[in-house]
Amino acid sequence: MNSNIDRLSEKRLQDLIKELNLIIYDEENWINKDLWKIAEVTYSYEKETNINTTLFVKSGMLDLELYKKSSEGEKRKLLLKSKTKLENNLLEKVNQIDSALQEIELFDAFSLDKIDSELKSIFINSLLEKKMFMEYALIAIPFELEKAWIEIWFTENEKSELSEKLQWIDCELFGWKIIDNPEEVVISYEYIYDKYLRNIDKLSDQEINKFEYFLEKARHYLPIWYEYKSKEKPKLIEWKFLDYDLSKDDYILGFNILVEALEKLEHIVESNANVWSISDGPKWVQFPTSDKFKHIKFLRFFKLGNHEIETHNITDYNSRQLLWNMRWAKSTEKDEWV
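Quantities reported herein were computed from a predicted structural model and do not represent experimental measurements.

Caption draft 1: Focus on the overall build of the protein. Looking only at helices and strands, the protein features 14 helices and 7 strands. Looking at the protein as a whole, 43% of its 338 residues are labelled buried. Partitioning the intrachain contacts of the protein with sequence separation of at least 6 by distance along the chain shows that 65% fall at a separation of at least 24. Accessible surface for the protein amounts to roughly 20600 Å². Of this, 54% is attributable to carbon and sulfur atoms.

Caption draft 2: Inspection of helix 11 (residues 205-219) at higher detail. With 15 residues, helix 11 should reach 21 Å at 1.5 Å per residue; the first-to-last C-alpha distance of 21 Å fits that figure. For helix 11, the complete set of buried residues consists of Ile208, Phe211, Leu215 and Ala218. All buried residues of helix 11 lie within an arc of 90° about the axis, which places them on one face of the element. In helix 11, the exposed positions that point more than 90 degrees away from the buried face belong to Asp205, Gln206, Asn209 and Lys210. Check the buried side of helix 11 and you find it contacts helix 10 (182-199).

Caption draft 3: Focus on unusual backbone geometry. Phi angles above zero are rare outside glycine, and Asn50 is one such case at about 65°. Turning to its location among the elements, Asn50 is positioned in the loop between strand 1 (45-46) and strand 2 (51-52). Despite not being glycine, Met61 shows a phi value in the positive range, around 60°. Along the chain, Met61 turns up in the loop between helix 5 (53-59) and helix 6 (64-69). A residue is classified by how much of its surface remains accessible, and Met61, at 48% relative accessible area, is partly exposed.

Caption draft 4: Layout of the packing of helix 10 against helix 11. Their axes nearest at 10 Å, the elements helix 10 and helix 11 cross at an angle of 160°. Of the possible angle classes, the one that applies to helix 10 and helix 11 is roughly antiparallel. In the crossing of helix 10 with helix 11, the sense of the turn from one axis to the other is left-handed. Note on element contacts: helix 11 touches helix 10 through Ile208, Phe211, Glu212, Leu215, Ala218 and Arg219, opposite Val185, Tyr189, Ile192, Tyr193 and Tyr196.

Caption draft 5: Representation of the sheet that holds strand 4 (residues 268-271) within the structure. Pairing within the open sheet is mixed, and its 3 strands lie in the order 4-6-5. Of all the strands in the sheet, just strand 4 and strand 5 (279-280) have a single pairing partner and so form its edges. One ladder, built from 2 bridges, connects strand 5 with strand 6 (residues 284-287); its direction is antiparallel. In the sheet register, Asp280 faces strand 6, and the bridge partner there is Val285. Contacting strand 4 and strand 6, helix 12 (residues 248-261) runs over the sheet at an angle of about 165° to strand 4.

Caption draft 6: Spatial organisation of the environment of Leu35. Tracing the sequence through the fold places Leu35 in helix 4 (residues 35-39). On the accessibility criterion, Leu35 (1% relative accessible area) is buried.

Caption draft 7: Expanded view of a positive patch on the surface. Where like charges cluster on the molecular surface, the positive patch consists of Lys195, Arg198, Lys292 and Arg300. When you line up the elements, Lys292 lands in the loop between strand 6 and strand 7 (295-297). A relative accessible area of 60% places Lys292 in the exposed class.

Caption draft 8: Main features of the confidence of the model for the protein. Scored by pLDDT, the protein has a mean of 83; 87% of the residues are at 70 or more. Mean pLDDT across the secondary structure elements of the protein bottoms out at helix 1 (residues 2-9), with 54, and peaks at helix 6, with 94.

Caption draft 9: Local environment of the packing of helix 2 (residues 13-24) against helix 8 (residues 117-147). The interhelical angle for the contact between helix 2 and helix 8, taken along N-to-C directions, is 15°, at an axis separation of 11 Å. As the angle between them shows, helix 2 and helix 8 are arranged roughly parallel. In the packing of helix 2 onto helix 8, the handedness of the crossing is left-handed. When helix 2 is examined against helix 8, the residues Leu13, Gln14, Ile17, Leu20, Asn21 and Ile24 are found in contact with a partner set consisting of Leu119, Lys120, Phe123 and Leu127.

Caption draft 10: Quick peek at the nonpolar core. In terms of nonpolar packing, the biggest core is built from 49 residues, with Phe56 and Leu79 touching the most fellow members. At the level of elements, helix 2, helix 3 (27-31), helix 4, helix 5, helix 6, helix 7 (72-110), helix 8 and helix 9 (156-174) are the ones that each hand at least two residues to this core. The element best represented in this core is helix 8, accounting for 13 residues. Once residues lying within four places of it in the same chain are set aside, the contact partners of Leu79 are Ile51, Phe56, Leu62, Tyr67, Leu145, Ala148 and Ile150. Grouped together as the second largest cluster of nonpolar side chains are 16 residues, Ile252, Val259, Phe293 and Phe301 included.

Cut-off values and rules
Residues numbered from 1 in each chain as written. Predicted model: local features only at pLDDT ≥ 70, side-chain atom pairs only at ≥ 80, totals over all residues. Heavy atoms only, no water. Helix = DSSP H or I, 4+ residues; strand = E, 2+ residues; numbered from the N terminus. Buried < 20%, exposed > 50% of the residue type's maximum accessible area, 1.4 Å probe, protein only. Contact = heavy atoms within 4.5 Å. Areas by Shrake-Rupley, 256 points an atom, 1.4 Å probe, with all protein chains shown as cover. Expected span 1.5 Å × (residues − 1). Arc of directions from axis to C-beta. Axes fitted to C-alpha atoms, helices over the stretch in contact; angles between N-to-C directions. Parallel < 35°, antiparallel > 145°, perpendicular 65-115°, else oblique. Left-handed = near helix turned anticlockwise from the far one by under 90°. Pairing = 2+ DSSP bridges. Patch = residues over 30% accessible without salt bridge, like charges linked within 9 Å, V, L, I, M, F, W, Y side chains within 5 Å. Salt bridge = Lys/Arg side-chain N within 4 Å of Asp/Glu carboxyl O. Lys, Arg positive; Asp, Glu negative; His and termini not counted. Charge placed at Lys NZ, Arg CZ, Asp CG, Glu CD. pLDDT = per-residue confidence, 0-100. Core = buried A, V, L, I, M, F, W, Y, C linked by side-chain atoms within 4.5 Å.

Here it is in structure tokens:
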């Protein structure tokens, strides 16, 4: 203990944070095993098996091709073996964060260097947020196994208890539920209703029923004073090229040219068959290979360039300049406007 205190007393806060940052946001686990995706809430799934590849393949080291060829009994064994590795990785990361928090507090108490309280606060808040994301992933493992058609033997009470823990972490990370905030309920309801009204002539009976189901569900949570008022949608620029389609090869090339034009960024824009939605990482942006992303409109290309490259990627770059390769707490809410 004394040797640890002596070591800390000779350090500067920035040096200590740099050292801890390399341990926690490391290349081997945080980057290569996709733990960063847990903290950014961007899981990937394999379509055929519905397996969460972020958790079970990348972190749990599941051999997906072997899994697909195996019998049902073997599949269960392979996935549960992957679950054990995943849990160990997540627990190791939680323990690393706890150790880092202790070191920071010891530094504050014994360092001869004047503490930079703002830097300390940013680092601690980031660690606490990332710890909650790791704990969330640990608690949610049984539900991820269920998605992959692995039967989990737990009672309704146990399931309810797990759900309550997840809801509590949700509230800590992202604030209250939408249904608890009348203004958010109105925004959500009107977004769905406006979309429904604009497209009703193009919708199938099944799609209409689905819209009406969710609208009716949302109406129960609307404020008693609420009255819907139709709004005129702002007129878009009437340039026909905004409606033109860009093929995947063209728009990925365009995004990479945008990254190159910003000079400092190192990100690569690419396709990835294992992502279900657009996924931004520490050094890349990945697009799904589904039919939905074979083409995009020019207008969407501009919007995505603004959001994925000029928001997420620049956030990553600025974070690395100021705080090494970590994102500060609440950066997801800032980037996504949630």
